Structures are given as C-alpha cells and as structure tokens.
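Chain by chain, the residues run as shown.
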Amino acid sequence: MVATLPDLLRLLVVPVFAWAAIRDVRTRRLPNRLWPPLYLFGALLLVWVAASLWPFAGFDGRIFLVRAAISLLFVAPLGYAFWYLGAFGGADAKAMIALAVVFPTFPAYEVGGATLPLVGTQLGVFSLTILTNTVLIGLAYPVGLAALNLVRGEVSSSMFLARPVATDSLPDRHGRLFEDPEGPTRGGLDLDALRMYLRWRGLTLADLRADPDGLRDPASVGETFDPTDGGTHVGPRTDGGRAVDDAVPDGGRAVDDATPDGGRAVEDANAADAVDADPEVDDPWAAERFLDDIDHGAYGTDAATLRDGLDVVAHEDSVLVSPGMPFVVPMAVGLVVSLTYGDALFALLGAVGLV
C-alpha cells in the first residue's frame, strides 16, 4: 500500500469504529472518553497537512482550505444539529464530529495498481462522503427487517419497522415498544426506560408479570432504588430479588430516607401508610412518582406512555418491538465503504446522468 503518512495514520480510526459499532450493538452505550483522543488525533493530522501546504499559494493549498472548512464548519455542526433535533444520539453526533475532523479531504491509497477510493466527488469532502454512504446503508436496515419478518411469516403494515418478540426477552433487548393497549404505535415505551422503572422498584419483569394487578396499585411501592440509566450493560446483582447496579458505591441498594436525594427511599415500616395518605393513589403503576423521583429524564418517557407500556408487557406474551439501529453501526460500515469503493451516492447519480 502506497499513501502519504497522514493518510496511512487515518486508517487507525477504522478499528476504533469497528469496536464502537460492536459495543453499540451490544450495549447501546459508548464511553465519552472515546471521542476526545480522536478529535486530538484528527486535529494533529490536519495541522500536519496544512503545514505541508503552507502558505496555501497554489491550487492544492486553496482547495484544501475549502474542503477542510466545509468538513469542520458544515459536516461537524450537522452532527450536533441532528442530535439537537433528536435524530441522533449523543454518541452518534460525537462520532460524526470525529470523522469530520479526521477525514476532511479524500485520502488516497495505491493498492495493487488501483487507487482507492475508486469513486471520488467533485467537492472532495470525505466526511460528507462517509455521511451519505452511512445514510444509504442505514436505509437498507428497514428492508432487512422486513425480509426477516417475511421469512418468519410475520406480514403486517409494521414489518419494516418492528418485529414480534417474546415479552420475557425484553430485559436483554434494545429499542422501543411498537404498541400500546390500543394497538401499534410509533410512540411506545423505550426499553431502557422500562429497565429504569423496574430497577427503581426493585423488580424483575417476571415479578411484574406475576402480579400486575397488585403492582399497578401505587400503594404497592415501598423501598425504591437507583434506576441507573437503563442500559443492559449494568451488571445486575440481587438483594432479596431486587435488581441493583454494580457501578454505584452502595451496590444500588436503597438510599437512606434521611438523605437529601429527593426522598427516593421509603422505609418498609411506614411505606404503606405514606402512600395511602398520598394523592398518588390515582397514579397507576406510580408512573408520575417514578418520573418525579428520578434525578434525570427517562428517554423522553411521560407517565401515560410508561403506564401503557407496563400494561402491555404485564399481560402480553409477545410484543412488537422496533429495535432501531445505533447510527454508529452504519457509520462504521460507511467508513469502510468510503475508504474502498468511495462515494456510492455520487456513483449512483452518475449512473443516471445527474452528475
């Protein structure tokens, strides 16, 4: 392989994104510490290339400045804008910013007499190529989901967006319920929020399904626990059958009633009396109490959505789940496609005579 040293060093990002994609599939969580080193790495490479082109007098120097400016001032902020509008998760936006910093211009690799990437663009902003390839790969996901449903004989209007799964498997799944008691809906309960609620109550899903009528009564809520962030990466231990968080110093057990934490813990001895005297008796599943009690949001979940989701998982043996796909996964694939084939959208537009 023949390439400039900065372009060869950029290939180090590929295994990083491969690892991030695998972890994102397994846990839907990526550590924040992953991104600053990539930003620094990209900035150093950017300075390296800029120094070699200084004082930008020729065409190569000026076009480099234009492409770097588009990548840093358009593509990188676009990642933040997608996050702000709710189209991206935080990790997805940070990953996109990292690619904008590391790959502002097209790299070039001579391999076996061929120059990769094979298909370039007139604009020449490589981070934009990665983004468009990522979007095209992401669009294939609903098609794959529909094909999987078709093979299993699950043909419905929601087959491109969701698939039926066993309710008992939800604690280990990611995504969102695609139904409520009234039928299919795109605004169902986030499964991370479901795990948060169960951990807050110290219950398993099996506990909830075994006694839905009793547990729907807000008076049944006694001690409450750290809800964690709802991720499946939290290592569960048990304390009297209660799910707890390995990551917190006290093992996620009940917080002392005397601590100024918003009054999460309620001592067993007076829990029933305290709830009976509270107007929350009109709060099925104690959904309002849960959302008021936690010190952060539950993935945009409101009380009505939480109640509807709990009613579904408490009584149905199979539920529709929209698994979703973390954007880092198609981004990692899009990076590899971009480095080898090049710009798939540009090639497609060229094939139909639009460019």
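Nothing here was measured: the structure is a model prediction, and the numbers come from that model.

(A) Up close: the side chain of T167. With respect to the element layout, T167 can be found in the loop between strand 3 (163-166) and strand 4 (176-177). On the basis of relative accessibility, which here comes to 0%, the residue T167 falls in the buried class. One polar contact links the side chain of T167 to the main-chain amide nitrogen of S318, over a distance of 3.3 Å. Each residue touching T167, except ones within four places of it in the same chain, is listed here: L205, R209, V313, E316, D317, S318 and V319.

(B) Just helix 3 (residues 35-53), in detail. In a regular helix each residue adds 1.5 Å, so 19 residues correspond to 27 Å; helix 3 covers 27 Å between its end C-alpha atoms and thus fits that length. Within the span of helix 3, buried status applies to W35, L38, G42, L45, L46, V49 and A50. Looking straight down helix 3, one finds its buried side chains confined to an arc of 135 degrees; they lie on one side. Away from its buried face by more than 90 degrees, helix 3 exposes L40, L44, V47 and A51.

(C) Examining the packing of aromatic side chains more closely. As enumerated under the stated definition, the model contains ten aromatic pairs in all. Summarising the aromatic geometry, the rings of Y197 and F290 are spaced 5.5 Å apart at their centres and angled 85 degrees between planes, so their arrangement reads as edge-to-face. Of this pair, Y197 sits in helix 7 (residues 191-201) while F290 sits in helix 11 (residues 287-293), and the two are 93 residues apart along the sequence. Take F290: its relative accessible area is 0%, and that puts it in the buried class. An aromatic cluster is built from W54, F56 and F64, whose rings are joined through pairwise contacts.

(D) Quick look at the environment of D211. Relative to the elements of secondary structure, D211 occurs in the loop between helix 8 (205-210) and helix 9 (212-216). According to the relative accessible area criterion, D211 is partly exposed, its value standing at 39%. Along the sequence, D211 and H315 sit 104 residues apart, while their C-alpha atoms lie 10.0 Å from each other.

(E) Inspection of the packing of helix 6 (residues 126-151) against helix 13 (residues 328-340) at higher detail. Taken N-terminus to C-terminus, the directions of helix 6 and helix 13 make an angle of 125 degrees; their axes are 8 Å apart at the nearest point. Taken as axis vectors, helix 6 and helix 13 run oblique relative to one another. The handedness of the crossing between helix 6 and helix 13 is right-handed. Each of F126, T129, I130, N133, T134, I137 and G138 in helix 6 lies in contact with helix 13, whose residues at this interface are P330, M331, V333, G334, L335, V337, S338 and L339. In terms of residue class, the contact of helix 6 with helix 13 is made up of nine nonpolar, six polar and no charged.

(F) Quick look at unusual backbone geometry. Each neighbour pair has its own omega, and for W54 with P55 the value is 10 degrees, a cis peptide bond. With respect to the element layout, P55 can be found in the loop between helix 3 and helix 4 (59-84). Following L116, the chain continues to P117 via a peptide bond in cis, the omega torsion being 0 degrees. In this structure, R28 is a non-glycine residue whose phi angle is positive, near 55 degrees. Within the fold, R28 resides in the loop between helix 2 (13-27) and helix 3. Its relative accessible area of 23% is what places R28 among the partly exposed residues. For T228, which is not a glycine, the phi torsion comes out positive at approximately 55 degrees. In this fold, T228 is placed in the loop between helix 9 and strand 7 (236-238). A residue is classified by how much of its surface remains accessible, and T228, at 7% relative accessible area, is buried.

(G) Looking closely at the pairing of strand 3. Along strand 3, the buried face is formed by R163 and V165; none of P164 and A166, which line the opposite face, is buried. Sheet topology note: the strand 3/strand 9 (residues 318-322) ladder contains four bridges and is antiparallel. Paired with P164 across the strands is L320, a residue of strand 9.

(H) The pattern of salt bridges, seen in detail. Scanning the model with the defined rule gives nine salt bridges in all. Within the structure, one salt-bridge network assembled from shared partners comprises R29, D192, R195 and D229.

(I) A look at the confidence of the model for the protein. With 86% of its residues at a pLDDT of 70 or more, the protein has an overall mean of 85. This stretch, residues 236-281, has a pLDDT under 50; its non-local contacts, to residues over four places away or in other chains, come to 73 contacts.

Cut-off values and rules
- Residues numbered from 1 in each chain as written.
- Predicted model: local features only at pLDDT ≥ 70, side-chain atom pairs only at ≥ 80, totals over all residues.
- Heavy atoms only, no water.
- Helix = DSSP H or I, 4+ residues; strand = E, 2+ residues; numbered from the N terminus.
- Buried < 20%, exposed > 50% of the residue type's maximum accessible area, 1.4 Å probe, protein only.
- Polar contact = N/O pair within 3.5 Å; in protein donor to acceptor, adjacent residues only side chain to side chain.
- Contact = heavy atoms within 4.5 Å.
- Expected span 1.5 Å × (residues − 1).
- Arc of directions from axis to C-beta.
- Phe/Tyr/Trp six-rings, centres within 6.5 Å; stacked < 30°, edge-to-face > 60°.
- Axes fitted to C-alpha atoms, helices over the stretch in contact; angles between N-to-C directions.
- Parallel < 35°, antiparallel > 145°, perpendicular 65-115°, else oblique.
- Left-handed = near helix turned anticlockwise from the far one by under 90°.
- Nonpolar A, V, L, I, M, F, W, Y, C, P; charged D, E, K, R; others polar.
- Pairing = 2+ DSSP bridges.
- Salt bridge = Lys/Arg side-chain N within 4 Å of Asp/Glu carboxyl O.
- pLDDT = per-residue confidence, 0-100.

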